[in-house]
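Tertiary structure, described
Chain by chain, the residues:
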Amino acid sequence: MLTVVLSGLRARWASFLGGFVALALGVGLLATMGLGLSATFHAPERSPQRFASSPVVVQGQDRLTLDVRRGPSTVSVEQRLDRPQPVDNDVLRELRARWTVTPSDAGRPDSGRPDAVGVDAPAAEVRALVGDRAQVLTGADRVRADPDPERDADALVALNALLGTSGGVTAFVSVFVVASTFAFAVALRRREFGLLRTAGATPGQIRRLLLAEAAALGVLASAAGCALGALGAPLLARSLVDGGLAPGWFTVGGATWPFHAAFWTGVTVALAGAVAASGRAGKVGPTAALREADVDADTLPLGRALLGTGLLLSGLGLLVWTYATEPSALLKRKTYTTLPMLLITGVALLSPLLVRPAARLLRLRGAVGTLVRENSAASVRRTAAVAAPVLVTVALAGTLFGSATSVTRAKGVEAREQTAAEYVVAGAGLKPVTAPPGALVSATGTTSVFVRDGAEAVVKYQARAVADPAAFAGLARLPVVAGDLRDLDDRSIVVNEEFERHRVGETVEVWRADGTGPVRLRVAAVLALGTGDNGPYVTRANAPGADPDRIDARGGGTATVRALEASGGTVRSADAWAAAGQREGGNPQNRLGMILVLGIALVYTVIGLANTLLMATSVRRGELSSLRLAGATRAQILRVVTGEATLAVAIGTLLGLVVTALVLGTLGAGLAALSAPVALALPWGTVGAAAGACATVAVAASALPAWRLTR
């Protein structure tokens, strides 16, 4: 058996080349992504900066700790505050009375008290004195007193998600391409298997032969992929840093588990891709050795039909379920990255059912057009094998970029619709502005509120702090579903429909951004969820330390503009501000991440197309010779072959657009359900570029062997 396997690999190396390259590349990418992921699990340890010379730091509490119910028992959960609380005056007085205290260089603007001080004293004695009135930090923990102490860990969160998504797409596409390659290779070897059956080979031996070939290919390709991963990981780290996707200190470590995971994943993918093909090969009878016709009969086995239907229905069901239960989830990148994969796989598995009708519908004139149509309809496996990888690339391009662009556009339109201001100033730390005569000026700032969600959880909401409720109500055009914005005061809150208590007049128990509370606030108004930025809203009295970062203004003419310019921010018209926010809302890091994911899919598509068409065209010598004998010129034959490849790419593009339409249509319905603007955008440029690249590769991969065969 081993001798037969090795001889087969040597004799048909060209047929296995595409699968080998795809698998090696997939393993290399998985190893590279795994090494990157391992480096994101732990942020580097930094030495303290703010109190580097103090052995002990006393800091106000920087966590809100509340008890919640977990089953029959109660546990404590923590939520991070926007900023630490100030150190108690009594604690400061007692510390200064006994030891040397280094004052903080960052006091609390709302209280004048420091949020942390350095103490030159034994840690045990300081802890005994302070007790639970403040935190006592020593050693590496002193870094928690630095500004934004968790910035390194936060910087790795998005990077972790990006690398995880890229690794998932790599695994998905590699399985898809390798399985498709094996299936098509088996279809081309039916006469060979028929000869083996005639020579006495059993169906089990045929299956074991294919699985042994897959295992040998998987081991060799996985080993090569691990070597590629070791070389590619440092390059990936530098590219992520240069592209702004990772902080400057990011480097890959020396973890070994990514290589083990990538290697065995590659072997498993190779075997999994060959299992279905080996089952079909085992059913080939001895009479297949006499087979001459190129018309595909059993193009869609029952197992493939059931699996494709199940995946398609599962994808559609999850889209409908998400829309019905949590439409806001449709706006998240995780949803519109993962859900389309079920639809893509389902449509790809069922594509042989769609290829023949699509080809028959095509009306082309002349002998070349007739041959293109009839050959594509007759050779369903070949056409579907070309259309499937194109479907993957076009669908990913349309769903990823289309969903991201649609969400960004909806946020921009929503932001413009929600203000009646003529001018908007945005920026950190804006100075207060006095409204000129005849003008209406409303300043708001970012804050947080903590609210219990039942008895089992504590939720932190990003909120807006309103300086002048009357001016705010006069300028805001928020999607109010109940209540009145004019009722907002220091004893009330404006919430959205996501809150557990969201009826006007109900009381909500709230902890402020600095952890003080709870305070009981009456619900003054309820807002629709929208794209996720609608509320809650509180007054400055319930937002300690919140500085204005946006000022809306209307009326007053040039006097208002001069007053706004004194705030220290950039003055824009409301339309220009919304347009700028829409451009900036398309996070360039997210866009680079999507380009990376699409690039992986496009590379695999190129490999799959080239391998499939090179194999398919190379075995058509008899067919092409018959056309020459029938009077066809060499140019006509090349037009037929390239026309078939182009038609297959067009069918794959059409199926990809169908998947894109399903995803974007559900996204639009979700936006409408959230009372947000429906501003869908199909990225025709990206989709067209992907389809054009696929068509170019398909034409070249079919024309070259056809030109050689017709010499």
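So, on to the overall build of the protein. For the protein, the count of helices and strands is 20 helices and 16 strands. Expressed as a percentage of its 711 residues, the buried residues of the protein come to 49%. Considering only intrachain contacts with a sequence separation of at least 6, the fraction spanning at least 24 residues in the protein is 80%. Only carbon and sulfur atoms are counted for the fraction: they give 59% of the accessible area of the protein, which is about 31500 Å².

As a further point, take the sheet that holds strand S4 (residues 100-102). Read across the sheet, 4 strands follow the order S4-S5-S1-S6 without closing on themselves; strand pairing throughout is antiparallel. A single partner strand is all that each edge strand has here, and the edge strands are S4 and strand S6 (135-138). Pairs of neighbouring strands in the sheet enclose a mean axial angle of 30°, with direction left out of account. Of the strand pairs in this sheet, strand S1 (residues 56-59) and strand S5 (residues 116-120) are connected by 4 bridges, and their pairing is antiparallel. From the neighbouring strand, Val 56 faces S5, where its bridge partner is Val 119. Relative to the sheet, helix H4 (residues 123-130) contacts S1, S5 and S6, its axis offset from that of S6 by approximately 170°.

This next bit is on the pattern of salt bridges. Scanning all chains against the criterion turns up 13 salt bridges. Here Arg 550 ties to Asp 552 by a salt bridge, and the two come within 2.9 Å at their closest N and O atoms. Note on Arg 550: relative accessible area 21%, which makes it partly exposed. In this structure Asp 552 comes out as buried when scored by relative accessible area, which is 7%.

Looking now at empty space enclosed by the protein. The full count for this structure, using the stated rule, is 7 cavities of 30 Å³ or more. Estimated volume of the largest cavity: approximately 80 Å³. Forming the walls of the largest cavity are Ser 376, Arg 382, Thr 383, Val 386, Leu 613, Thr 617, Arg 620, Val 641, Glu 644, Ala 645, Ala 648 and Ser 702. Of all the elements in the fold, those that place two or more residues in the lining of the largest cavity are helix H13 (380-417), helix H17 (588-618) and helix H19 (634-673). The element contributing the most residues to the lining of the largest cavity is H19, with 4 residues. Taken together, the residues that form the lining of the largest cavity break down as 5 nonpolar, 4 polar and 3 charged.

Let us look at the packing of helix H11 (residues 351-361) against H13. Closest axis-to-axis distance for the H11/H13 pair is 9 Å, and the angle between their directions is 110°. Classified by the angle their axes make, H11 and H13 are roughly perpendicular. Packed against H11, whose contacting residues are Ser 351, Pro 352, Val 355 and Arg 356, the element H13 presents Val 380, Thr 383 and Ala 384 at the interface. Residues belonging to the contact of H11 with H13 are distributed by class as follows: 4 nonpolar, 2 polar and 1 charged.

This next bit is on a negative patch on the surface. Where like charges cluster on the molecular surface, the negative patch consists of Glu 326, Asp 453, Glu 456, Glu 498 and Glu 500. Its place among the elements puts Glu 456 in the loop between strand S8 (440-453) and strand S9 (457-466).

Residue Pro 518 is bonded to the preceding Gly 517 through a cis peptide linkage, with omega at 5°. Considering the arrangement of structural elements, one finds Pro 518 in the loop between strand S12 (507-511) and strand S13 (519-527).

Okay, the confidence of the model for the protein next. Low pLDDT means the predicted coordinates in that region are not meant to be read closely. Taken as a whole, the protein shows an average pLDDT of 82; of its residues, 89% reach a score of 70 or greater. Mean pLDDT across the elements of the protein bottoms out in helix H1 (residues 2-11) (59) and peaks in strand S14 (residues 537-539) (95).

When helix H15 (residues 558-565) is considered as a whole, its buried residues turn out to be Thr 560, Ala 563 and Leu 564. Along the axis of H15, the buried positions cluster into a sector of 100°, meaning they face one direction only. Across H15 from its buried face, at more than 90 degrees, point the exposed residues Thr 558 and Arg 562. Lining the buried residues of H15 we find strand S7 (423-426), strand S15 (548-554) and strand S16 (570-573).

With that settled, the discussion passes to the environment of Ala 635. Note on placement: Ala 635 falls in helix H19. In the structure, Ala 635 is positioned 75 residues away from Thr 710 in sequence and 9.6 Å away in space, judged by C-alpha atoms.

For the rest of this paragraph, the subject is a nonpolar patch on the surface. Side chains of Leu 654, Val 658 and Leu 662 sit close together on the surface and give an oily, nonpolar patch of about 250 Å² of accessible area. Position of Leu 662 relative to the elements: it lies in helix H19. Here Leu 662 falls in the partly exposed class, since its relative accessible area comes to 35%.

Time to look at the packing of aromatic side chains. By the definition in use, this model includes 3 aromatic pairs. Considering the side-chain rings of Phe 263 and Trp 264, the 5.0 Å spacing of their centres and the 90° angle between planes classify their relative orientation as edge-to-face. Here the aromatic rings of Tyr 461 and Phe 499 are separated by 4.3 Å at their centres, their planes lie at 20°, and the arrangement is stacked. One end of the pair, Tyr 461, is in strand S9; the other, Phe 499, is in the loop between strand S11 (492-496) and S12, and 38 residues separate them in sequence. The burial state of Tyr 461 is the same as that of Phe 499; both residues are buried.

Calculation notes
Residues numbered from 1 in each chain as written. Predicted model: local features only at pLDDT ≥ 70, side-chain atom pairs only at ≥ 80, totals over all residues. Heavy atoms only, no water. Helix = DSSP H or I, 4+ residues; strand = E, 2+ residues; numbered from the N terminus. Buried < 20%, exposed > 50% of the residue type's maximum accessible area, 1.4 Å probe, protein only. Contact = heavy atoms within 4.5 Å. Areas by Shrake-Rupley, 256 points an atom, 1.4 Å probe, with all protein chains shown as cover. Pairing = 2+ DSSP bridges. Axes fitted to C-alpha atoms, helices over the stretch in contact; angles between N-to-C directions. Salt bridge = Lys/Arg side-chain N within 4 Å of Asp/Glu carboxyl O. 1 Å grid on protein atoms, 1.4 Å probe; cavity = no way out; pocket = protein on both sides within 12 Å on 5 of 7 lines; lining within 4 Å. Points joined across faces, edges and corners; volume = space filled by probe spheres on them. Nonpolar A, V, L, I, M, F, W, Y, C, P; charged D, E, K, R; others polar. Parallel < 35°, antiparallel > 145°, perpendicular 65-115°, else oblique. Patch = residues over 30% accessible without salt bridge, like charges linked within 9 Å, V, L, I, M, F, W, Y side chains within 5 Å. Lys, Arg positive; Asp, Glu negative; His and termini not counted. Charge placed at Lys NZ, Arg CZ, Asp CG, Glu CD. pLDDT = per-residue confidence, 0-100. Arc of directions from axis to C-beta. Phe/Tyr/Trp six-rings, centres within 6.5 Å; stacked < 30°, edge-to-face > 60°.

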